[in-house]
Amino acid sequence: MYSIEEKYIITAGTLATIIVAFLLNAAPVTLPSIAKAFAMNNVLQNWVDTLYLLSIAVFSIPCGKICEKYGIKKVLKIGLIIFFIGTLGTGLSQNAIMLLLFRATLGIAAAILNVASIALIVESMDNDKKGPAVAIAVAAVYVGIALAPILGGSLIFNFGWQSLFYATLPFIILNYYLAHKIKGEIKHDNNQGFDMRGSILYSIGIILFIYGFTRILETIGQIITIVGIILLVRFALWELRNKNPIFEMRLFKNIRFSAANLACLFSYFATFMTTYVYNYHMQYIMGMDSQLAGMYLIITPAIMVVMSVISGELIKKVQAEIVTGVGLLILTVAFIIMCFLSRTTPLYVLLIAMGLHGIGYGLFSSPNTLLITTTVPPEESSKASAALSAMRLIGQTVSLGIFTTVFAIIMGNVAIVPEYYDLLLNSCHIIMILAVIFVFIGAVISFVGLKGTQEN
């Protein structure tokens, strides 16, 4: 049983993850309405999400150090204040510049909440309670994802795009109240300075990498991506030599930590782009409307919610690496099924794949999050949580870049209309083959992490 204090901690951390996940996944639904309201062109419209992701990327790693130095609870509360400002400001925006400014603000706050919420739970719980507590927080992410298309779409349809952001404000206030009720503070301040050089190298490197990958089909995009990678390598080398790094690269000498992070990275390479395949197949090939397709798309995150909670209990009895590896193998089977989709594939086959997707990733996500945040010294858990956030974002960015590249090569610059559905299917087949490869590599890496348990 959890104490009252522990319940405050779990609820505060979990609510933060739900809010971020909900707004992240519901916000794209508002893009057409926002673009129309502010007369945005295609390029400016894309920057609404790109700027948000860039802000998360830039601040994820530094947030780990900030939590460590100034206190997780304090940083979480500051993140909620910034999130409130960004959410309210987005709803009140009168022009595109204001909107982009507040979207960047929301990205900064989301980075803070992603890192601080998990770190707070991990550092506050006894060892026997960490697994179930983290599982609840991870399951909350999928609750937010599942609710986003339904509640978000309903709010926007009935009350306008601003209502999505206004409706979130009371929950941010509640989250702040719960965080304020938590007693004490968790910090590991060693009175050392802030690694400004490392921060600059990382920030510029990750900005160039992510922005370049959004234009990977263009020569300038490829150059920018390569420069970004070079700067990130330079950042890693600097951090290894620095006595007070913003991110402790030596953590990757821990086999379990490294394996869990790499497995997370490859899982996002695979899973982020497959959601688009599900949606495209249902709407284009099977002729569903967006509302019906959205209802079916809830199946995967809904199963993930249940399996995340189950896996949190399961790792009390089974080695976490085994659970994560088996989860990714189940996910591999789901994606193999998707490789054979055709115009005549029955709906139940697609639903089986989506169900296996939910089971597999639900088994993987919670134990893997726990591995990343608990296989390091307690004082490094904030930095470990920051690494998790960075892996997630890089994985999503690369996955979206792969999806865009495959479609551009196979289909070219054509509208998705019936005469090109064979090309659409070919594109989806290639994407699913790549997803199978990525997720299988992730499974192998998860099992490699078992070597770390043998050395301990």
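Here the structure is shown first, and the text comes after it.
Residues numbered from 1 in each chain as written. Predicted model: local features only at pLDDT ≥ 70, side-chain atom pairs only at ≥ 80, totals over all residues. Heavy atoms only, no water.

Caption draft 1: Representation of the overall build of the protein chain. In terms of regular secondary structure, the protein chain is built from 17 helices and 0 strands. Here the protein chain has a C-alpha radius of gyration of 21 Å; the compact-globule value for 456 residues is 23 Å, and the two agree. Dimensions of the protein chain along its principal axes, counting C-alpha atoms only, are 65 × 55 × 45 Å. Evaluated residue by residue, the protein chain yields a buried proportion of 55% over its 456 residues. Pairs at least 24 residues apart make up 82% of the contacts formed inside the protein chain by residues separated by at least 6 positions. (Helix = DSSP H or I, 4+ residues; strand = E, 2+ residues; numbered from the N terminus. Rg over C-alpha atoms; globule rule 2.2 N^0.38 Å. Buried < 20%, exposed > 50% of the residue type's maximum accessible area, 1.4 Å probe, protein only. Contact = heavy atoms within 4.5 Å.)

Caption draft 2: Fine view of the environment of Leu 54. As for its position among the elements, Leu 54 is in helix H2 (residues 42-70). Sequence-wise, Leu 54 and Ile 207 are 153 residues apart; in three dimensions their C-alpha atoms are separated by 6.1 Å.

Caption draft 3: Region of the structure containing the layout of surface pockets. Roughly 390 Å³ of internal volume is contained in the second largest pocket. Tyr 202, Leu 232, Phe 235, Met 391 and Ile 394 are the residues nearest the centre of the second largest pocket, which is lined by 17 residues in total. The set of elements that each furnish at least two residues to the lining of the second largest pocket consists of helix H8 (196-214), helix H9 (219-241) and helix H15 (381-410). Counting residues per element, the lining of the second largest pocket draws most heavily on H9, which supplies 5 residues. Residues of the lining of the second largest pocket, tallied by class, amount to 17 nonpolar, no polar and no charged. (1 Å grid on protein atoms, 1.4 Å probe; cavity = no way out; pocket = protein on both sides within 12 Å on 5 of 7 lines; lining within 4 Å. Points joined across faces, edges and corners; volume = space filled by probe spheres on them. Nonpolar A, V, L, I, M, F, W, Y, C, P; charged D, E, K, R; others polar.)

Caption draft 4: The arrangement of the packing of aromatic side chains in detail. Per the counting criterion, the structure on display carries 16 aromatic pairs. Here Tyr 268 and Tyr 361 contribute two aromatic rings whose centre-to-centre distance is 6.2 Å and whose plane-to-plane angle is 80°, an arrangement assigned as edge-to-face. Of this pair, Tyr 268 sits in helix H10 (residues 255-285) while Tyr 361 sits in helix H14 (residues 347-374), and the two are 93 residues apart along the sequence. When its relative accessible area of 4% is taken as the criterion, Tyr 361 is described as buried. Here the aromatic rings of Tyr 280 and Phe 407 are separated by 5.7 Å at their centres, their planes lie at 80°, and the arrangement is edge-to-face. Linking Tyr 280 in helix H10 with Phe 407 in helix H15, this pair joins segments that are 127 residues apart in sequence. A network of ring pairs unites the aromatic residues Phe 272, Tyr 276, Tyr 280, Tyr 284, Phe 403, Phe 407 and Tyr 421 as a single cluster. Cation over ring: Arg 197 sits above Trp 238, and NZ or CZ is 4.3 Å from the ring centre. (Phe/Tyr/Trp six-rings, centres within 6.5 Å; stacked < 30°, edge-to-face > 60°. Lys NZ or Arg CZ within 6 Å of the ring centre and 35° of its normal.)

Caption draft 5: Quick look at H14. Taking 1.5 Å of rise per residue, the 28 residues of H14 would be expected to cover 40 Å, and the 41 Å separating its terminal C-alpha atoms lies within 8% of that figure. Counting buried residues in H14 gives 20 out of 28 residues, a clear majority hidden from the surface. (Expected span 1.5 Å × (residues − 1).)

Caption draft 6: Summary view of the nonpolar core. Counting residues in each nonpolar core, the largest one holds 140 residues, and the members touching the most others are Phe 83 and Phe 335. Setting aside anything within four residues of it in sequence, one finds Phe 83 in contact with Ile 19, Val 20, Leu 23, Leu 106, Ala 109, Ala 110, Leu 113 and Ile 172. (Core = buried A, V, L, I, M, F, W, Y, C linked by side-chain atoms within 4.5 Å.)

Caption draft 7: A nonpolar patch on the surface, seen in detail. Taken together, the side chains of Ile 322, Val 326, Leu 329, Phe 440, Val 444, Phe 447 and Val 448 make up a nonpolar region of the molecular surface, amounting to roughly 510 Å² of accessible area. Going through the elements one at a time, helix H13 (320-338) and helix H16 (421-448) are the ones with two or more residues in the nonpolar patch. Residue contributions to the nonpolar patch peak at 4 residues, all from H16. When you line up the elements, Val 444 lands in helix H16. We classify Val 444 as partly exposed; its relative accessible area is 41%. (Patch = residues over 30% accessible without salt bridge, like charges linked within 9 Å, V, L, I, M, F, W, Y side chains within 5 Å. Areas by Shrake-Rupley, 256 points an atom, 1.4 Å probe, with all protein chains shown as cover. Salt bridge = Lys/Arg side-chain N within 4 Å of Asp/Glu carboxyl O.)

Caption draft 8: A look at the environment of Ala 236. You can see Ala 236 is positioned in helix H9. What makes Ala 236 buried here is its relative accessible area of 19%. Along the primary structure Ala 236 and Met 249 are separated by 13 residues, whereas in three dimensions their C-alpha atoms are 6.7 Å apart.

Caption draft 9: Up close: the side chain of Ser 311. Position of Ser 311 relative to the elements: it lies in helix H12 (residues 299-314). Residue classification places Ser 311 among the buried positions, given a relative accessible area of 0%. In this structure the side chain of Ser 311 is engaged in a polar contact, spanning 2.8 Å, whose partner is the backbone oxygen of Ser 308. Setting aside its immediate chain neighbours within four residues, Ser 311 contacts Val 323, Gly 362, Leu 363, Ser 366 and Pro 367. (Polar contact = N/O pair within 3.5 Å; in protein donor to acceptor, adjacent residues only side chain to side chain.)

Caption draft 10: Focus on the pattern of salt bridges. In the structure shown here, the tally under the stated rule is 3 salt bridges. A salt bridge links Glu 313 to Lys 316; the nearest nitrogen and oxygen atoms lie 3.2 Å apart. The exposure class assigned to Glu 313 is partly exposed, which follows from its relative accessible area of 39%. Overall, Lys 316 belongs to the exposed group, its relative accessible area being 52%. One salt bridge connects Arg 343 with Asp 422, and the closest N-O pair in it is separated by 3.2 Å. With a gap of 79 residues between them, Arg 343 in the loop between H13 and H14 and Asp 422 in helix H16 connect regions that are remote in the sequence.

Caption draft 11: Layout of H12. The end-to-end C-alpha distance of H12, which contains 16 residues, comes to 22 Å, matching closely the 22 Å that a straight helix rising 1.5 Å per residue would cover. By the burial criterion, the buried members of H12 are Thr 300, Pro 301, Met 304, Met 307, Ser 308, Ser 311 and Gly 312.

Caption draft 12: Main features of the side chain of Ser 163. Relative to the helices and strands, Ser 163 resides in helix H6 (residues 162-166). We classify Ser 163 as buried; its relative accessible area is 10%. A distance of 3.1 Å separates a polar atom in the side chain of Ser 163 from the backbone oxygen of Leu 155.

Caption draft 13: Main features of empty space enclosed by the protein. For the structure shown, the criterion picks out 2 cavities of 30 Å³ or more. Roughly 40 Å³ of volume is contained in the largest cavity. Considering the residues around the largest cavity, the lining is formed by Arg 256, Ala 259, Ala 260, Glu 321, Thr 324, Asn 368, Leu 371, Ile 445, Ser 446 and Gly 449. Among the elements that line the lining of the largest cavity, the one with the most residues is H10, at 3 residues.

So far we have only geometry, and geometry alone does not tell us how the molecule works.
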